[in-house]
Amino acid sequence: MSWSINVPATNTLDLALGDAAHGQAVCSAEAGVAKAIPLPGGSVSLKAALRVPVELFNGQEDADAHGVIGRATGNPDGTEPEPLFTPDGAACWLKYAAELNAQASGEGSFPFVALSGSGAVNVLVADYRRHVPTRTLGDALRDDVKSLRLPFLLEDVQALVAGDALSFQTRIQLKAGLILSWPAVTSTVVASLARRVGGQVALQLKAEVGASLSGELKLEDELRLVFSRAEGGGAFQISIRKAITSQVSAGMKVGVTLDVASPVLAALLGAVADTAQAQSVSKIVEGLDSGTLGTVLVPVATSLFGALGFKQELDGTLATVKQVHTELKRLIEDGVATALQAGFEYEYARTAGDATLMELEVPADELGSVHAALISGDLASIQRRTKDAWVRRYFHMRTTGMQRTRGFGLGWRDMFLAKVEDRKQLKAVTQHASRDHAHGPRRYAFQGTRSYQHEGWLAGNKVLQGIDFNAQMPAFSTRPSADAFDYAFFAQSRVEGSLSLQELADQARVWGALRDDASVEPLSRLFQSVPRGTRVTARFEARLDAATFRKVLRKMGTDPEVERQAFAVALARALPRDSVASRESPSVRQKLYTPLWNTYLLQQGKGWSKEFITNSVGAHLKKQLGAGGLVAWNWEQSRHSGGGPTAGTFMGVMEGASKYGGDTGGQPYGNIFVIWQRLTHALQDLQQAIDARSPLPDEPEQSIIARAFEPLEDAGSNPFRLTATVAWLVELARHWGFRDEVQPLLGLKVGEQEELLLTAL
């Protein structure tokens, strides 16, 4: 399509395009456009009579507001713009941009959110033309205006040559297919089930090799679709990018739906079925899904649903079985969709404007089959027939270790944060909603992680531990403040090696995934099914979502006595387990060591020298245990081969987790108290800033949010401190009445057995 353009006179028409005398805005042109664009089921009429700015990019410092031309950053994490082309002395570009009015007709599928049979939106289009630097501006303009193009027309896109690009930008709704990994799905479902039944849940969810769940994601945001041609011609490169929004108040919206919950439902029922019932599971699921369940299977279905925790809802009739089946399907779909939506929004908000969400390389002869779906925002239909070889890049949540998939790779914290030793990171990403970065609307997304690899903890096994503290603004604001953020916290410890049943059960109780009075039979059954010494992988997790973390913040500082006592309990429970009677279980440690830790916190660790600790522990144990105190005290005085205290003893914990670099203010072993005090104060300060709606500074890394990360980071930089911090949050949530909203989890894999998932509320 040719636009009717008249280029006004300019005094640089005779200069070569590569001449530094050119400004970036070289001229403007008059454009008149009236074109009907066919779309599946309807059409869109594009109209405009306006001045078209023409920009020249002939140097590496030239920046394109639309992110297509610029200097490559080399940063692969999506926190900086990723240009397609860079002026390098061998080529330069002219850009013709226009804002068109789009009017819909028919009942077609349109990507434009505000567009319907009678609606209209503005769409920003741009045509990028590559030129050699020696060509004059006048010659380039005269040739370009003969064949300026629109991205909505297939023939215009097919006419692209190497180095050219076409783009359009508006508020778009994209539909993308999801392939969800089985671990991500099952972890979320078990947590959702535990909240529903309000008790202990331990399920070994089996699945076929490579099992997954499919679904669809709908993303609504200001996006830009860019068509370009690779060097040498041939394939077309298609990029979908975030863009500077023109509707600040609208914000970003995400929705997730699952295609079917049957595979997970079958796994749930299979996990509680005995040998006689196992063969009926698939028939029950199929019968309930199709509405043809026979009466002969009703008793079996009643038994299986009852074993999942729904006994009170069942009376042995088909009607109640159907009701529970419907509720379970909704629980699976809502639980997984909510978790995935939260995870997607968090990662998406942390990517910068102009970050690439998806990039395809489509063969020239295949472009016609996908062009209509692309401009309709229907990525899901493309994914169903796109070859893996077409995918060059896609929005990929950094914590998901998924294989190459089509479209968006999704998951939520089903892989460890990092596998590097002692890694600390705080990153703040700023997105702007206008070109006025100083005063225009913007939003921030923070992520703070601390992770480390440790050998020797828990009987010499390898341990990977870490935290993830994140904060994000769901909407733009011209005055970002602390109350505009959603906050969340995630902690994980992954242990690999030859662990005992007793060690695993103990840690599960400390993390809150197993109640103190609960049977270890599910764990025991798994251990008994494999030879002694089989390699074990266990992951302990604790999650505080945005709503739960806000509850913690609002309560923090309201009752210092309770908070201190809860931390003393957590410190006692977090002490390492041993076969000696004084350390055999978290409940025993809580009863025996809580008073000692409470005294330590009251005294703020002041004067707690090595000699003082030694004498205090000995006197306390003898007073509490009488004759048995001598055995406990002898164990506490044990030494490792190097002569220092054994790592698990009270003194060993103080050496590893609480000792300063020297005597600081009379607190040679006061670090545990100081870190906890800093953490409580930081959380209180954060809540006060939320209440006061305190604006963030121009440098977000200097904000109250960043200051809150520091003590959280300290709390996660040592195995004992991390475990104690998690136990403290669980204890506080229990005392404050929202223990069921904390999401502790144990995932246990013994040998080649299916992973056992265990959680308690």
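In every chain, residue numbers begin from 1 and rise along the written sequence. Predicted model: local features are reported for residues with pLDDT of at least 70 only, side-chain atom pairs are reported and counted for 80 or more only, and whole-chain, interface and lining totals are derived from all residues. Water and hydrogen atoms play no part in the side-chain values, which are based on all heavy atoms of the structure.

Asker: Which parts of the structure should I look at to understand the overall build of the protein?
Answerer: Within the protein, the regular secondary structure consists of 22 helices and 19 strands. Accessibility here uses a 1.4 Å probe with only protein chains present; expressed as a share of the type maximum, an area under 20% marks a residue as buried, one over 50% as exposed, and anything in between as partly exposed. Across the 761 residues in the protein, those meeting the buried criterion constitute 57%. Nonlocal contacts in the protein, meaning residues at least 24 apart in sequence, comprise 71% of its contacts between residues at least 6 apart. For accessible areas, the Shrake-Rupley method is used with a probe of radius 1.4 Å. Any residue's cover is judged against the shown protein chains and nothing else. Accessible area for the protein stands at about 30,200 Å²; split by element, carbon and sulfur atoms hold 49% of it. A helix here means a DSSP run of H or I that spans at least four residues, while a strand means a run of E at least two residues long, and both kinds are numbered starting from the N terminus. Here, two residues are considered to be in contact whenever any of their heavy atoms come within 4.5 Å of each other.

Asker: Before we go on, may I ask you to explain empty space enclosed by the protein in this structure?
Answerer: Empty space among the atoms can be located by rolling a probe the size of a water molecule over them. Cavity: a set of points on a 1 Å grid over the protein atoms alone where a 1.4 Å probe fits but cannot get out. Pocket: an open set with protein on both sides within 12 Å along at least five of seven lines, its lining residues, like those of a cavity, having an atom within 4 Å of a point. Grid points are joined across faces, edges and corners, and a volume is the space filled by probe spheres set on the points. Inspection of the entire model under this criterion finds four cavities of 30 Å³ or more. Taken as a whole, the largest cavity spans an internal volume of roughly 80 Å³. Phe 567, Leu 571, Ile 672, Ile 675, Trp 676, Leu 679, Ala 715, Phe 720, Arg 721, Ala 724, Thr 725 and Trp 728 are the residues that line the largest cavity. Counting residues per element, the ones that place at least two in the lining of the largest cavity are α15 (560-574), α20 (671-692) and α22 (719-736). Broken down by element, the residue count for the lining of the largest cavity peaks at five residues, all from α22. Classifying every residue of the lining of the largest cavity gives 10 nonpolar, one polar and one charged. Classification convention: Asp, Glu, Lys, Arg as charged; Ala, Val, Leu, Ile, Met, Phe, Trp, Tyr, Cys, Pro as nonpolar; all other residues, Gly among them, as polar.

Asker: Help me understand the pattern of salt bridges, please; the structure alone is not making it clear to me.
Answerer: Should the charged atoms of two oppositely charged side chains come close, the side chains can pair. Just to be clear on terms, a salt bridge is a Lys or Arg side-chain nitrogen sitting within 4 Å of an Asp or Glu carboxyl oxygen. Per the stated rule, a full pass over the model turns up 28 salt bridges. Notably, a salt bridge pairs Lys 329 with Asp 289, separated by 3.6 Å at the nearest N-O pair. Separated by 40 residues along the polypeptide, Lys 329 in helix α8 (residues 318-349) and Asp 289 in helix α6 (residues 281-290) bring together distant segments of the chain. A relative accessible area of 34% places Asp 289 in the partly exposed class. Among the charged side chains, a network of salt bridges with common partners joins Asp 127, Arg 129, Asp 144, Arg 149 and Asp 164.

Asker: For this particular structure, what's the right way to read the environment of Gly 294?
Answerer: By secondary structure assignment, the location of Gly 294 is in the loop between α6 and α7 (298-310). Taking relative accessible area as the criterion, Gly 294 reaches 31% and is therefore assigned partly exposed. Expressed as a C-alpha distance, the spacing of Gly 294 and Leu 318, which sit 24 residues apart in the sequence, is 8.8 Å.

Asker: What is the right way to look at the packing of helix α16 (residues 586-602) against α20 in this model?
Answerer: A pair of packed helices is characterised by two quantities: the angle between their axes and the separation of those axes. Note on geometry: axes are C-alpha line fits, over the in-contact stretch for helices, and angles between N-to-C directions span 0 to 180 degrees. With their axes 9 Å apart at the nearest point, α16 and α20 run at an angle of 70 degrees to one another. When the interaxial angle is binned, α16 and α20 end up roughly perpendicular. Where α16 abuts α20, its residues Trp 597, Tyr 600 and Leu 601 lie against Asn 671, Ile 672, Phe 673 and Trp 676. Roughly parallel here means an angle under 35 degrees, roughly antiparallel means over 145, roughly perpendicular means 65 to 115, and every remaining angle is called oblique.

Asker: Explanation requested: the packing of aromatic side chains in the structure shown.
Answerer: For any two aromatic rings, the description comes down to two numbers: the centre-to-centre distance and the angle of the planes. Pairing of aromatic side chains requires ring centres within 6.5 Å, counting the rings of Phe and Tyr and the six-membered ring of Trp. Pairs whose planes differ by under 30 degrees are stacked, by over 60 edge-to-face, and all others tilted. Per the counting criterion, the structure on display carries 16 aromatic pairs. Ring geometry for Phe 152 against Phe 168: centres 4.8 Å apart, planes inclined by 40 degrees, an arrangement best described as tilted. Placement of Phe 152 in the loop between α1 (137-144) and α2 (154-158) and of Phe 168 in strand β6 (residues 165-181) is noted, with a sequence separation of 16 residues between them. Given the relative accessible area of 6%, Phe 152 is considered buried. Residue classification places Phe 168 among the buried positions, given a relative accessible area of 1%. An aromatic cluster is present here, built from Tyr 593, Trp 597, Tyr 600, Trp 608, Phe 612, Phe 650 and Phe 720 joined pairwise through their rings. Remark: a charge is flagged as sitting over a ring if the NZ atom of Lys or the CZ atom of Arg is within 6 Å of the ring centre and within 35 degrees of the ring normal. Taking NZ or CZ as reference, Arg 229 lies 4.0 Å from the ring centre of Phe 236, over its face.

Asker: Looking at this structure, I do not really get the side chain of Glu 636. What am I missing?
Answerer: Within the secondary structure, Glu 636 sits in helix α18 (residues 629-636). Classification of Glu 636 by relative accessible area gives buried; the value is 3%. Beyond its immediate chain neighbours, meaning those up to four positions away, Glu 636 contacts Arg 583, Tyr 593, Val 617, Leu 621, Thr 649, Phe 650 and Met 651.

Asker: Please explain helix α19 (residues 650-657) as it appears in this structure.
Answerer: Side chains three or four residues apart in an α-helix point the same way, a direct result of the helix having 3.6 residues per turn. Most of α19 is tucked away, with six of its eight residues classed as buried. Restricting attention to buried positions, one finds in α19 the residues Phe 650, Met 651, Gly 652, Val 653, Met 654 and Ala 657. Next to the buried residues of α19 lie α16, α17 (610-625), α18, α20 and α22.

Asker: What is the right way to look at the side chain of His 131 in this model?
Answerer: Locating His 131 in the fold gives a position in strand β5 (residues 120-131). Assessed through its relative accessible area of 7%, His 131 is described here as buried. In protein, a polar contact means a hydrogen-donor-capable atom and an acceptor-capable atom, both N or O and within 3.5 Å, with residues adjacent in sequence counting only if both atoms are side-chain atoms; elsewhere, any N or O pair within 3.5 Å suffices. A polar atom in the side chain of His 131 sits 3.0 Å from the side chain of Asp 144.

Asker: Could you clarify how one ought to interpret the pairing of strand β18 (residues 743-750) in this entry?
Answerer: Note on strand geometry: in a regular strand, side chains alternate between the two faces of the sheet. Burial within β18 is extensive, with seven of its eight residues counted as buried. Criterion used throughout: strands pair if DSSP finds at least two bridges between them. Direction of pairing for β18 relative to strand β19 (residues 756-759): antiparallel, over a ladder of three bridges. In the sheet register, Leu 748 faces β19, and the bridge partner there is Leu 756. Linking β18 to β19, which pair antiparallel, is a turn of five residues; within it Gly 751 sits at a positive phi near 60 degrees.

Asker: Please explain the pairing of β19 as it appears in this structure.
Answerer: Burial along β19 is two-sided: the face carrying Leu 756 and Leu 758 and the face carrying Leu 757 and Thr 759 are both buried. Where strand β7 (residues 201-204) lies against β19, four bridges are found, and the strand directions are antiparallel. Its bridge partner being in β19, Val 201 is matched across the sheet by Thr 759.

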